[in-house]
Amino acid sequence: MVIPVYDSNPVRRTPWVTYALIVANVVVFLRTPVAVSSIAGDSSLSQLCHLQAFLEQWAAVPQELIHNRVPDLVPTGTAAVGSQGQGCLLGPPRYDKSPPLSVLTAMFLHGSWLHLLGNMLFLWIFGDNVEDRLGRVRYLLFYLFCGYVAGYGFALANPDSADPLIGASGAIAGVLGAYLVLYPRARVWGLVPFLFFFPLRLPASVVLGLWFVLQAFYSAGYGVAEGGTVAYLAHVAGFVAGALLALPLKASTPPPPEPQRLRKGPQIPPHW
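Report follows, based on the coordinates. Please read these numbers as outputs of a predicted model, since none were measured by experiment. (Residues numbered from 1 in each chain as written. Predicted model: local features only at pLDDT ≥ 70, side-chain atom pairs only at ≥ 80, totals over all residues. Heavy atoms only, no water.)

## Some points on the overall build of the protein chain
Phase 1 of the analysis: Scanning the protein chain for helices and strands turns up 10 helices and 5 strands.
Phase 2 of the analysis: Residues classed as buried in the protein chain amount to 44% of the 272 residues present.
Phase 3 of the analysis: Of the contacts formed within the protein chain by residues at least 6 apart in sequence, a portion of 76% connects residues at least 24 apart.
Phase 4 of the analysis: Accessible area of the protein chain: about 14300 Å², with a carbon and sulfur share of 65%. (Helix = DSSP H or I, 4+ residues; strand = E, 2+ residues; numbered from the N terminus. Buried < 20%, exposed > 50% of the residue type's maximum accessible area, 1.4 Å probe, protein only. Contact = heavy atoms within 4.5 Å. Areas by Shrake-Rupley, 256 points an atom, 1.4 Å probe, with all protein chains shown as cover.)

## Topic: the pairing of strand β4 (residues 187-194)
Phase 1 of the analysis: Where strand β1 (residues 3-8) lies against β4, 5 bridges are found, and the strand directions are antiparallel. Within the sheet, the bridge partner assigned to Ile-3 lies in β4 and is Leu-191.
Phase 2 of the analysis: Of the pairings in the sheet, the one linking β4 to strand β5 (residues 196-203) comprises 8 bridges and is antiparallel in character. Paired with Gly-190 across the two strands is Leu-200, which belongs to β5. (Pairing = 2+ DSSP bridges.)

## Some details on the sheet that holds β1
Phase 1 of the analysis: If you trace the 3 strands from one edge of the open sheet to the other, you get β1-β4-β5, paired in antiparallel fashion. The open sheet terminates on both sides in strands that have one partner only, identified here as β1 and β5. Pairs of neighbouring strands in the sheet enclose a mean axial angle of 25°, with direction left out of account.
Phase 2 of the analysis: Helix-sheet contacts for helix α6 (residues 113-134) involve β1 and β4, and the interaxial angle to β1 is about 25°. (Axes fitted to C-alpha atoms, helices over the stretch in contact; angles between N-to-C directions.)

## Regarding the pattern of salt bridges
Phase 1 of the analysis: Scanning the entire structure with this criterion turns up 4 salt bridges.
Phase 2 of the analysis: Here Glu-131 and Arg-136 are joined by a salt bridge, their closest N and O atoms 3.7 Å apart.
Phase 3 of the analysis: Classification of Glu-131 as buried rests on a relative accessible area of 2%.
Phase 4 of the analysis: Relative accessible area serves as the criterion here: at 35%, Arg-136 is assigned to the partly exposed category.
Phase 5 of the analysis: Overlapping salt bridges bring together Arg-12, Arg-13 and Asp-132 as one network. (Salt bridge = Lys/Arg side-chain N within 4 Å of Asp/Glu carboxyl O.)

## Considering a nonpolar patch on the surface
Phase 1 of the analysis: Side chains of Val-26, Leu-30, Trp-113 and Leu-117 sit close together on the surface and give an oily, nonpolar patch of about 340 Å² of accessible area.
Phase 2 of the analysis: Of all the elements in the fold, those that place two or more residues in the nonpolar patch are α1 (16-30) and α6.
Phase 3 of the analysis: Turning to its location among the elements, Val-26 is positioned in helix α1.
Phase 4 of the analysis: Since its relative accessible area comes to 30%, Val-26 is described here as partly exposed. (Patch = residues over 30% accessible without salt bridge, like charges linked within 9 Å, V, L, I, M, F, W, Y side chains within 5 Å.)

## Considerations on the state of the cysteines
Phase 1 of the analysis: A complete count under the given rule lists 1 disulfide for this structure.
Phase 2 of the analysis: A disulfide bridge connects Cys-49 with Cys-88, and the sulfur atoms are separated by 2.1 Å. Taking the sign of the S-S torsion, about -90° here, the bridge from Cys-49 to Cys-88 comes out left-handed. Of this pair, Cys-49 sits in helix α3 (residues 45-58) while Cys-88 sits in strand β3 (residues 85-91), and the two are 39 residues apart along the sequence.
Phase 3 of the analysis: Judged by its relative accessible area of 0%, Cys-49 falls in the buried class. (Disulfide = S-S within 2.5 Å.)

Given below as structure tokens:
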């Protein structure tokens, strides 16, 4: 897959909503057990149980979304020893969880530094232009809506899954879908893996089209190990939602004249 690093697509104004979303995702991640354990190097059973309890409370769980209720027994965050050995203690939930609201909180949770940084890179490159085209309020609502479509779309396809669903990938996939519809001919500099990574300037239609094809391919179970941890179907659902919403918006929000635009970065990409 092409790894985008920069797009030659100027904007009119500062994309404050995109910046705020990036900051919010980073701040939330730094306060989660994932970041704490990775920084401290703690991979003990106690930390694992704490993480399971945290995700059960704040992540979106497909079977909870479909049935709109929380299980009677959930991880409590405490490690225990039972007849089958060590494990995480289960007990009645000590919190009130709203499954629909969990889709929102799950959008700001990530499973690793790589998961976070990869998502924020795509949001940084493509989010500013979509925000510029839609306007700040409409862009924020669009972002959240795509995240909900991604979460519930995955849940409908996996109604019995109890695995926590986290990440901003579904919402960001919606941004990518909108970008593809609004700016198909915009030029994107990306790193192409072929023995080594080398820079190449490609149309957005190629970069994002290839990304979507790979997500659809993986969501069908091809080229990935069974039981993988990436919810590719959520990416597909978010992307399709973003592209469909952008179709009517493309006509109602024409791009500004070129002289009114502000350059958002150097026109000559960095050398590798």
